[in-house]
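This is what each chain is made of:
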Amino acid sequence: MNDPDTRAVPAARSRALRRAAPALLGYAAVRALGLVALALWSAARGTDAYTLLTARWDALWYTRVAELGYGYEVRLPNGDVHSNLAFFPLLPWLERLVAAVSPLSYADGGFLVAVLASLAAAWGIFAVADHVYGSRAAVCAVLLWAVLPVGIVQSMAYSESLFTALAAWSLYAVLTGRWVTAGVLAGLAGLTRPVGLAVVAAVWAAGIAAFVRDRAPRVREGSPVAAEGARAAPERASFVRRRSTKAAGGARRGERAGGSAAAPRVHAPEGARAGPGAPGVRARRALGMFLAPLGAAGYVLWVGHRTGGGPLGYLEVQAGWRNGFDGGYAFARFVAAKFTSFPSAAAGLGLVAGVGLVVWLYVVCVRQRQPLPLLVYAGAVTALALCASSYFGSKPRLLLPAFPLLLPLALALARLRPPRSALVLGSVAVASAVYGALWLNGSGPP
C-alpha cells in the first residue's frame, strides 16, 4: 500500500487535470453561453429550452429505449418502418442507471450524461492534441470544438458527446501505448453509435502498423549504421523539438504560417509506450485489438438475431429509416438540386463550400503528418458522414466527433498572440451561441 507507484497514479491524474483546466474552463464557459442564448431565445418564442434539449427528435427514442426497452417501431404511410433498434444501447443504459440511482427521469439522465460526457470529451480532445502538438494548440482545439455551429448538440440528450469522449480517450490510449484501455473504450464507442467502427479502424490500423514495425529488420548495435544513427539522432530530435516548441507556444512575429508549427512533437510511434521487445507488449496489443470491435459487432449481431435478418439484419433496420451508404450519390443529388432555382442556389454554394472545407482540412491533416490513428479515425468519420444516404440536415451533427480535423485550425490559432486568438474564439462563440438557439428553435437536428 506504500508503493510509490500506487501513489503516483492519482498524482499524475491530478497533474493532467490541472494542465487541462484552462481548456475545460473555457469549454464550460462556451457551453454556458450557448445554453443562456438558448434559454433567452426560447423564452422569447414561448418554447421550453430544456424540452428542446431533452425531449425532441432522437432524444425521445433514446428515453423510450431506456424506459421500455427495444421493440418499438413506427410505420409511416409511405411504407418506411422506423424501429428503435437503429439506436445503439449505451446511452439508454446510462439513462436507466441514472434513473435507478437518483430521483431524475430518463430524460434528465440523458441530459446529465451529455453534460458530463461533453466535459470528458473536451478533456480527451485536449489530451490528444497536447500529446501531439502541445498545450496551447490543445486549448485552441478544445475551444474550436466548443464553438462549432452545431455545438449545442454537445449539450443535448444525444449520443454525440458520449461517443466523442470514448473515441478521444481511446485514441489517446493508442497514442500512449495503453492497448487494453484503447480496446475497451473502442468497444464502448461501438455500443454508442454505428460510427464506432471508425474507432475500431483506428485501433486496428495502429496495431497492425506496430506489428509491422516489430517485424522490420533492426540494425545491430555497434554497427557503423547504428553508430551513424546514434550521432544523428540527437541533432534530429533537437531540430523537431525546436519546431514543436514554436507550434505549441505560437509562432514568433514574422514567421511564415504553415511552417514549423505543422510538425508533431517528438514521441515514440503511436502505441509504443514500451519498447517493441518489452514482455507482454504484443499480447496486450493483440488483446486490445480483439476487444475493440466487440461492442459494435455484439449489438449488430444481436439485432440480426432479434429481427431474423442474420448478420445483415441491422442494415435492414437502417434501411427502414432510409439510411445507407451509397458513396455520397444521394447527397450529391441533394446539393445539385439546390442549384435549380436562384433562392436555393446560395444554400447549394454553402454546402459545396462546407464539404470543400472538410476535405481540405483532412488533406492538411495528412500533409501535417498527424499520427496514423487520428488520420484513420477522422477519415472514417468523414466518409461515413458525407457518403451516407441519411437525412442530409444531420450531416453537420454527424461530423461533430471528427475533432482531428480541427487540429490544423488549432495550430493556426496557437501562432497568434493570446489577445488576438481570444478575440477570434470569443466572436465565433457568440455567433455559435446565437445560431444554436435559432437552429434548435427551428429545424434543429433530426
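The following paragraphs examine the structure supplied in this document. Computed from a predicted structure; not experimentally measured. (Residues numbered from 1 in each chain as written. Predicted model: local features only at pLDDT ≥ 70, side-chain atom pairs only at ≥ 80, totals over all residues. Heavy atoms only, no water.)

### Things to note about the packing of helix H4 (residues 90–101) against helix H5 (residues 106–133)
Here comes step 1: Running from N to C, H4 and H5 point in directions that differ by 115 degrees, and their axes come no closer than 8 Å. By the criterion of interaxial angle, the relationship of H4 to H5 is roughly perpendicular. As for the relative orientation of H4 and H5, their crossing is right-handed in sense. Counting all contacts with H4, which are made through Leu91, Leu94, Glu95, Arg96, Val98 and Ala99, the residues of H5 involved are Tyr106, Gly109, Gly110, Leu112 and Val113.
Here comes step 2: Partitioning the contact of H4 with H5 into residue classes produces seven nonpolar, two polar and two charged. (Axes fitted to C-alpha atoms, helices over the stretch in contact; angles between N-to-C directions. Helix = DSSP H or I, 4+ residues; strand = E, 2+ residues; numbered from the N terminus. Parallel < 35°, antiparallel > 145°, perpendicular 65-115°, else oblique. Left-handed = near helix turned anticlockwise from the far one by under 90°. Contact = heavy atoms within 4.5 Å. Nonpolar A, V, L, I, M, F, W, Y, C, P; charged D, E, K, R; others polar.)

### With respect to the environment of alanine 121
Here comes step 1: By secondary structure assignment, the location of alanine 121 is in helix H5.
Here comes step 2: Sequence separation between alanine 121 and phenylalanine 163 is 42 residues; the distance between their C-alpha atoms is 8.3 Å.
Here comes step 3: For alanine 121, the residues in contact, after removing those within four places along its chain, are Trp145, Ser161, Thr164, Ala165 and Ala168.

### Focus: the packing of aromatic side chains
Here comes step 1: One pass over the full model with this rule turns up 17 aromatic pairs.
Here comes step 2: Ring centres of tryptophan 61 and tyrosine 72 lie 5.7 Å apart, and the angle between their planes is 55 degrees; on these two criteria the pair is classed as tilted. Taken together, the residues tryptophan 61 in helix H3 (residues 58–68) and tyrosine 72 in the loop between H3 and strand S1 (73–75) connect sequence positions eleven residues apart.
Here comes step 3: You can call tyrosine 72 partly exposed: its relative accessible area is 32%.
Here comes step 4: Their ring planes at 15 degrees and their centres at 6.2 Å tell us that tyrosine 435 and tryptophan 439 sit as a pair that is stacked. Linking tyrosine 435 with tryptophan 439, this pair stays in helix H19 (residues 418–440), spanning four residues, or about one helical turn. (Phe/Tyr/Trp six-rings, centres within 6.5 Å; stacked < 30°, edge-to-face > 60°. Buried < 20%, exposed > 50% of the residue type's maximum accessible area, 1.4 Å probe, protein only.)

### Quick notes on the pattern of salt bridges
Here comes step 1: In this structure the tally under the stated criterion is eight salt bridges.
Here comes step 2: Among the salt bridges present, the one from arginine 19 reaches aspartate 130, with a minimum N-O distance of 2.6 Å. One end of the pair, arginine 19, is in helix H1 (residues 4–45); the other, aspartate 130, is in helix H5, with 111 residues separating them in the sequence.
Here comes step 3: The class of aspartate 130 is buried, set by a relative accessible area of 10%.
Here comes step 4: Its salt-bridge partner being arginine 397, residue glutamate 160 comes within 2.6 Å of it at the nearest N-O pair. (Salt bridge = Lys/Arg side-chain N within 4 Å of Asp/Glu carboxyl O.)

From the geometry alone we can't say anything about function, so treat these as descriptive.
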